[in-house]
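Residue-level structure breakdown
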Amino acid sequence: MLTKAQWKVCRDEIADMYPDAHCELVHDNPFELLVATMLSAQCTDALVNRVTKDLFKKYKRPEDYLAVPLEEVQNDIRSIGLFRNKAKNIRAMSEILLEKYGGIVPDDRDTLTTLPGVGRKTANVVVSVAYGVPAFAVDTHVERVSKRLGINRWKDSPMEVEQKLMRWTPEEEWSQTHHQLIFFGRYFCKAKTPECGICPILNMCREGRKRMGLNKKDEEME
DNA sequence: AACTCGGGGCA
DNA sequence: TGCCCAGAGTT
């Protein structure tokens, strides 16, 4: 397993690789951020950005999604997949926002996760990016990188991954580190074809060493 | 824990 | 062609 000190070194190396890592989703408008994050489930960020570019010109406020038939919203996001459920959730979420929260996106995770289509990951992204609440949103990239490095075990739940990363990372670095891990996972430590051969932290990476056939005497941690 | 939603990108 | 993708809800 990785040590906390080694994790510090890894964070610094990854920060060096992606010094300008930032949230590619909308960050200045909580409602648009919430919609964009809901759309991003099981879908590449490039595809979401392509759709939201037109979507946010047409739909500015919660009322706008309720002013047109469900089928129209579905059609407007058709190209990202899972569009039936996502459109339904966005309209249901908008309605609750108007009825219970005055059209304002709540700033705490527990309230957000009560909204239809908003789970733990989406809620974390919204509170941290839109409201500056310290959070370590564990998405597929963060989870994969964490487990490959050996911060977590392969069998750990997303909750356990999140807790460990928060304990091992200074709170003021949670958001920044999260986005740098996203970039690192998306463009370098890729799910199918990780760039282990030119990785600056290969010597500390459990999975990377295994992939490169470098595990001396095999310290299998499982 | 396993299953479903889903069109587009990429090998 | 087949597999995967900034997840969440249901069973």
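Scroll up to find the structure.
Residues numbered from 1 in each chain as written. Chains lettered and ligands numbered in written order. Predicted model: local features only at pLDDT ≥ 70, side-chain atom pairs only at ≥ 80, totals over all residues. Heavy atoms only, no water.

**Things to note about the protein's contact with DNA strand B**
- In the vicinity of DNA strand B, the residues found are Gln42, Leu47, Arg50, Arg78, Ser79, Ile80, Gly81, Leu82, Phe83, Arg84 and Asn85.
- What you see for DNA strand B is that sugar and phosphate hold 61% of its atoms within 4 Å of the protein.
- One of the backbone nitrogen or oxygen atoms of Gln42 is found 2.8 Å away from a base nitrogen of DNA strand B.
- Between DNA strand B and the protein, one listed contact pairs a phosphate oxygen with a backbone N or O atom of Asn85 at 3.2 Å.
- Looking at the surface near DNA strand B, the elements with two or more residues in it are α3 (45–58) and α6 (83–101).
- The biggest single contributor to the surface near DNA strand B is α6, with 3 residues. (Near = heavy atom within 4 Å. Polar contact = N/O pair within 3.5 Å; in protein donor to acceptor, adjacent residues only side chain to side chain. Helix = DSSP H or I, 4+ residues; strand = E, 2+ residues; numbered from the N terminus.)

**Let's talk about helix α1 (residues 4–17)**
- Between the first and last C-alpha of α1 there are 20 Å, a value that for 14 residues agrees with the 20 Å anticipated at 1.5 Å per step.
- Along α1, the positions that sit buried rather than exposed are Trp7, Cys10, Arg11 and Ile14. Burial along α1 is one-sided: seen end-on, the buried residues are contained in an arc of 105 degrees. Opposite its buried face, α1 presents the exposed residues Ala5 and Asp16, each directed more than 90 degrees away.
- Elements in contact with the buried residues of α1: α9 (140–149), α10 (158–168) and α11 (174–187). (Expected span 1.5 Å × (residues − 1). Buried < 20%, exposed > 50% of the residue type's maximum accessible area, 1.4 Å probe, protein only. Arc of directions from axis to C-beta. Contact = heavy atoms within 4.5 Å.)

**With respect to the nonpolar core**
- Counting residues in each nonpolar core, the largest one holds 37 residues, and the members touching the most others are Val35, Tyr65 and Met93.
- Top element by residues in this core is helix α2 (residues 30–39). It accounts for 7 residues.
- Ignoring anything within four residues of it in the chain, the contact list for Met93 reads Phe31, Leu34, Val35, Met38, Leu115 and Pro116.
- Counting 29 residues, the second-largest nonpolar core is a separate cluster that includes Val145, Leu165, Cys189 and Ile201. (Core = buried A, V, L, I, M, F, W, Y, C linked by side-chain atoms within 4.5 Å.)

None of the figures reported here should be taken as evidence of function without further support.
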